[in-house]
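Spelled out, the chains give:
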Amino acid sequence: MLKKITTAAAAVMLAALTACGSGDTASSGTTADDGKITMGFAQVGAESGWRTANTKSIQESAEAAGIELKFSDAQQKQENQIKAIRSYIQQKVDVIAFSPVVETGWDTVLLEAKRANIPVILTDRAVDSEDTSLYKTFLGSDFVEEGKKAGEWLKANAGSAVNVVELQGTTGAAPAIDRKEGFEKAIAGTPLKIVASQTGDFTRSGGKQVMEAFLKSVPQIDVVYAHNDDMGLGAIEAIKAAGKVPGKDIKIITVDAVKDGMTALAAGEINFIVECSPLLGDQLMDLAKKVLKGEEVPARVVTEETTFTPEQAKAALPTRKY
Ligand code: GYE
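Please read these numbers as outputs of a predicted model, since none were measured by experiment.

Mapped onto the elements of the fold, aspartate 222 is located in the loop between α8 (204-217) and β8 (223-226). Side-chain polar atoms of aspartate 222 contact the side chain of glutamine 220, separated by 2.6 Å.

Structure representation (structure tokens):
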């Protein structure tokens, strides 16, 4: 009996110590201190219109949900994201969410979070870790499906087009790998072929530079398939500078459907956009709350998305949120 009491007392003391321990990070507001949830979010960067909209969605949703957000921008560098995650572990946040810049190389830091009993939620991009117990759930789009939609549209609307150049997203990133795969599957067995493919790092300047090089080195370009709107918009600048008409001389297909992309689509400079929604904030906060309450969450939550032609873009633009 005495032993039992001692054990119970020790447990209380330990809890008190833990609470004290987090006293120096009291501003982090961990659940142990004041019942408020603190989320550490390690963002990829600010490489595109999509990313900016995604960051805004996460910040606004955290505020609306009463969740304290610690936010970091990794400038598209994995080492920065790993540092940010380690610092969230040190600060004893309640939950960590992040959008992994590339798929590989996360096991060690995810194991550190697991050992510290801090649940991790993947948003937007996937990791290739075999041990799926390293994270609670993965919220985001089906990028293979997006690539397929782009390829299916082209198959149906290719006309005499044959030669496709591809502007890939960040090398090693899930959306770059999967959008390539889905597109290639869709155009397989048709006369369409990818004659050149390079990364533009999901940025406008990257898309422009790669397209400038393609226009010099590839004799006949019929189609540009860009893994995001920003690279497509960069390619438009390069095409115009080369004296060609984007959307007519060269068909352009992109992914995302952010406002700038939709505006170019409505103007006929892009021919087709596959939507990828950056508005993941509300779902992320809901999932975080559930995970912290110990409720079951699905291992995978897929975002619902559509596609746009120029006519559909014109209709959607006035009420477009991002
Ligand atoms: O398509 C692109 C951004 O991971 C889905 O990252 C995201 C992609 C998005 O830079 O614009």
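Next comes the rest of the description.
Ranked by size, the top nonpolar core spans 64 residues in total, and within it Ile96, Phe98, Trp106, Leu154 and Leu284 carry the most contacts. Those residues in contact with phenylalanine 98, other than ones at most four positions away along the chain, are Phe41, Ala42, Gln81, Ile85, Trp106, Leu110, Val120, Ile121, Leu122, Thr123 and Val127. Ranked by size, the runner-up nonpolar core spans 32 residues in total, among them Val224, Ala235, Ala257 and Ile270.

Looking now at helix α3 (residues 49-65). The end-to-end C-alpha separation of α3 is 24 Å, in line with the 24 Å expected for 17 residues at 1.5 Å each. Among the residues making up α3, those that are buried are Trp50, Arg51, Ala53, Asn54, Thr55, Ser57, Ile58, Ser61 and Ala62. Of the surrounding elements, those touching the buried residues of α3 are β1 (38-43), β2 (68-73), α9 (229-241), β9 (251-256) and α11 (281-293). Positive phi appears at glycine 66, one or two residues downstream of α3, with a value of about 70 degrees.

Moving on to the sheet that holds strand β3 (residues 95-98). Taking strand neighbours across the sheet as the criterion, the six strands line up as β2-β1-β3-β4-β5-β11 in an open arrangement whose pairing is parallel. Edge strands, defined here as strands with exactly one partner in the open sheet, are β2 and β11 (300-302). Direction aside, neighbouring strands of the sheet carry axes that sit 20 degrees apart on average. Relative to strand β5 (residues 137-140), strand β4 (residues 120-123) runs parallel, the two sharing three bridges. Residue pairing for β5: threonine 123 is matched across the bridge by leucine 139. Against the sheet, helix α4 (residues 78-90) makes contact with β1, β2 and β3, and its axis sits at roughly 170 degrees relative to β1, the strand it touches most.

Rules used in this analysis
- Residues numbered from 1 in each chain as written.
- Predicted model: local features only at pLDDT ≥ 70, side-chain atom pairs only at ≥ 80, totals over all residues.
- Heavy atoms only, no water.
- Helix = DSSP H or I, 4+ residues; strand = E, 2+ residues; numbered from the N terminus.
- Polar contact = N/O pair within 3.5 Å; in protein donor to acceptor, adjacent residues only side chain to side chain.
- Core = buried A, V, L, I, M, F, W, Y, C linked by side-chain atoms within 4.5 Å.
- Buried < 20%, exposed > 50% of the residue type's maximum accessible area, 1.4 Å probe, protein only.
- Contact = heavy atoms within 4.5 Å.
- Expected span 1.5 Å × (residues − 1).
- Pairing = 2+ DSSP bridges.
- Axes fitted to C-alpha atoms, helices over the stretch in contact; angles between N-to-C directions.

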